[in-house]
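Chain residues, written in single-letter form:
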Amino acid sequence: MNGRLTALLIAILVVVALAAVLFGHDMFPAGQSAATNSSNTPSDAGWNIVVIVMDTARQDRLSCYGYEHETSPRLSELAGSGTLYTNAYSTSSWTAPGHASLFTGLHSATHGVTQESWNMGEDLLTFAEVLSDRGYRTAGVVENPMLVSDRGYDQGFSEYYESWRNKSRRGEQAVDDFREALSGGPEEQPFLVFVNLIAPHSPYDSSGSLRNTFVTSPEIGIVSNMWRQYYTCLLY
C-alpha cells in the first residue's frame, strides 16, 4: 500500500467509534474491540468505520476542548475513552475543498476542488472507493447541498443519501438516513458510513431557549431567527 493510501486510512480510523457513542450501535464484531484489534488492518479485523462531520462546528465551542459551557457531552464521553486530537486541521475553510481533501487525502492544489471548480474529478481516488475494493459496504449521508452526487462526491459510495432534499425535516431526515445506513447490509460485511451534519452551520436559527446560557449582552434582545444580527453586532 502506498504512503498516501496508508495515511488516508489512518485518518479515517481516528473516528471509528463515534457512532457507537452517538447511536449506541455496536461498531465491532461480537467479542472484538478496538483495543484487541489495534494491530490488525480493517479487512483483517472486520472493523466498521464511521466518519462524522459536524459542518462548521467550532473547536473552541466544544466542551471536550475546554469550552466553559457543556455543549458536547457525547463527544466528551467519547474523548474520555478514546483519543482527542488537538492539532488536527482542515485543508480549507469551506465545504467543497475540505471534503474533497477528507475523501482523498490530498490538498486542494492537488485534487483541484477550488472556488473555480467545485466538482470532484472522476480520476480521484476516494477512501470510499478504496474500502469498497476491500469488501466494505459504503454509505454516505449528507445534509450539505454542496456535496451532491452530481458534483462527484458520491464516488465509491454504494448508497448515497442526500438528506438535505427533504427540507421539511431538517436534521431529522439525516439522522433517520444515518440509522438506516448503519443497520443495512449483511451483518458479517464491514461497513463505512460517512455522514455530514449541518446543524451548526448558518443560518443560526435558535428557538431562544439557550439565550441565558450563551448571550452575554443583556441589552440585546434575542428572539428566533435573530442570531445572525446578534453576531453582526458583536463583530461590527
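(A) Local environment of the overall build of the protein chain. Each helix and strand counted, the protein chain has 10 helices and 4 strands in total. The helix and strand sequence of the protein chain, counted from the amino end, reads α-α-α-β-α-α-α-α-β-β-α-β-α-α. Taken across its 236 residues, the protein chain has 37% of its residues classed as buried. The long-range share in the protein chain, meaning contacts at least 24 apart out of those at least 6 apart in sequence, stands at 55%.

(B) The arrangement of the pairing of strand 2 (residues 137-142) in detail. Burial within strand 2 is extensive, with 6 of its 6 residues counted as buried. Pairing geometry for strand 2 and strand 4 (residues 191-197), over 6 bridges, is parallel. The partner of Gly140 across the bridge, within strand 4, is Phe194. Alignment of strand 2 against strand 3 (residues 159-162), held across 4 bridges, turns out to be parallel. Paired with Val141 across the bridge in strand 3 is Tyr161.

(C) Focus on the pattern of salt bridges. Counting across every chain of the model gives 6 salt bridges. Close ionic contact of Asp60 with Arg58 constitutes a salt bridge, the shortest N to O distance being 2.8 Å. Ionic pairing is found between Arg165 and Glu162, a salt bridge with its closest N-O pair at 2.6 Å. Taken together, the shared-partner salt bridges in this structure form one network comprising Arg58, Asp60 and Arg61.

(D) Representation of the side chain of Thr138 in the model. Checked against the element boundaries, Thr138 lands in strand 2. Within the structure, Thr138 has its side chain in polar contact with the backbone oxygen of Gly156 (distance 2.7 Å). Here Thr138 is in contact with Ala128, Ser132, Gly156, Phe157, Ser158, Glu159 and Leu192, once residues within four sequence places are set aside.

(E) Representation of a nonpolar patch on the surface within the structure. On the surface, Tyr65, Leu84 and Tyr85 cluster together to form a nonpolar patch covering roughly 260 Å² of accessible area. Residue placement: Tyr65 occurs in the loop between strand 1 (49-54) and helix 4 (73-81).

(F) Highlighting helix 5 (residues 95-104). Of all 10 residues in helix 5, 9 are buried, a share of seventy percent or more. Looking at helix 5, one finds that the buried residues are Thr95, Ala96, Pro97, Gly98, His99, Ala100, Ser101, Phe103 and Thr104. Gly105 occupies a position one or two residues after helix 5 and carries a positive phi of about 80°.

(G) The arrangement of the packing of aromatic side chains in detail. The full count for this structure, using the stated rule, is 7 aromatic pairs. Judged by centre distance (6.0 Å) and plane angle (70°), the rings of Phe103 and Phe157 are edge-to-face. One end of the pair, Phe103, is in helix 5; the other, Phe157, is in the loop between strand 2 and strand 3, with 54 residues separating them in the sequence. In this structure, Phe103 and Phe157 share a single accessibility class: buried. In this structure an aromatic cluster arises from ring pairing among Phe103, Phe127, Phe157, Tyr160 and Phe194.

(H) The sheet that holds strand 3, seen in detail. Spatially, the 4 strands line up as an open sheet ordered 1-4-2-3, and their pairing is parallel. Looking along the sheet, the strands with just one partner apiece sit at the ends: strand 1 and strand 3. Taken over all neighbouring pairs, the strand axes of this sheet differ in orientation by 5° on average, direction set aside. Sitting on the sheet, helix 8 (residues 172-183) is in contact with strand 1, strand 2, strand 3 and strand 4, with an inclination near 175° to strand 2.

(I) Highlighting the environment of Thr56. For Thr56, the location among the structural elements is in the loop between strand 1 and helix 4. Taking the C-alpha atoms as reference points, Thr56 and Thr95, separated by 39 residues in sequence, lie 8.5 Å from one another. Apart from residues lying up to four places away in sequence, Thr56 is in contact with Pro200 and His201.

(J) Broad picture of the environment of Val142. Assignment of secondary structure puts Val142 in strand 2. Residues Val142 and Tyr160, spaced 18 residues apart in sequence, show a C-alpha to C-alpha distance of 7.9 Å. For Val142, the contacting residues outside a window of four places in its chain are Leu147, Tyr160, Tyr161, Glu162, Ser163, Trp164, Phe194 and Asn196.

How each quantity is defined
Residues numbered from 1 in each chain as written. Predicted model: local features only at pLDDT ≥ 70, side-chain atom pairs only at ≥ 80, totals over all residues. Heavy atoms only, no water. Helix = DSSP H or I, 4+ residues; strand = E, 2+ residues; numbered from the N terminus. Buried < 20%, exposed > 50% of the residue type's maximum accessible area, 1.4 Å probe, protein only. Contact = heavy atoms within 4.5 Å. Pairing = 2+ DSSP bridges. Salt bridge = Lys/Arg side-chain N within 4 Å of Asp/Glu carboxyl O. Polar contact = N/O pair within 3.5 Å; in protein donor to acceptor, adjacent residues only side chain to side chain. Patch = residues over 30% accessible without salt bridge, like charges linked within 9 Å, V, L, I, M, F, W, Y side chains within 5 Å. Areas by Shrake-Rupley, 256 points an atom, 1.4 Å probe, with all protein chains shown as cover. Phe/Tyr/Trp six-rings, centres within 6.5 Å; stacked < 30°, edge-to-face > 60°. Axes fitted to C-alpha atoms, helices over the stretch in contact; angles between N-to-C directions.

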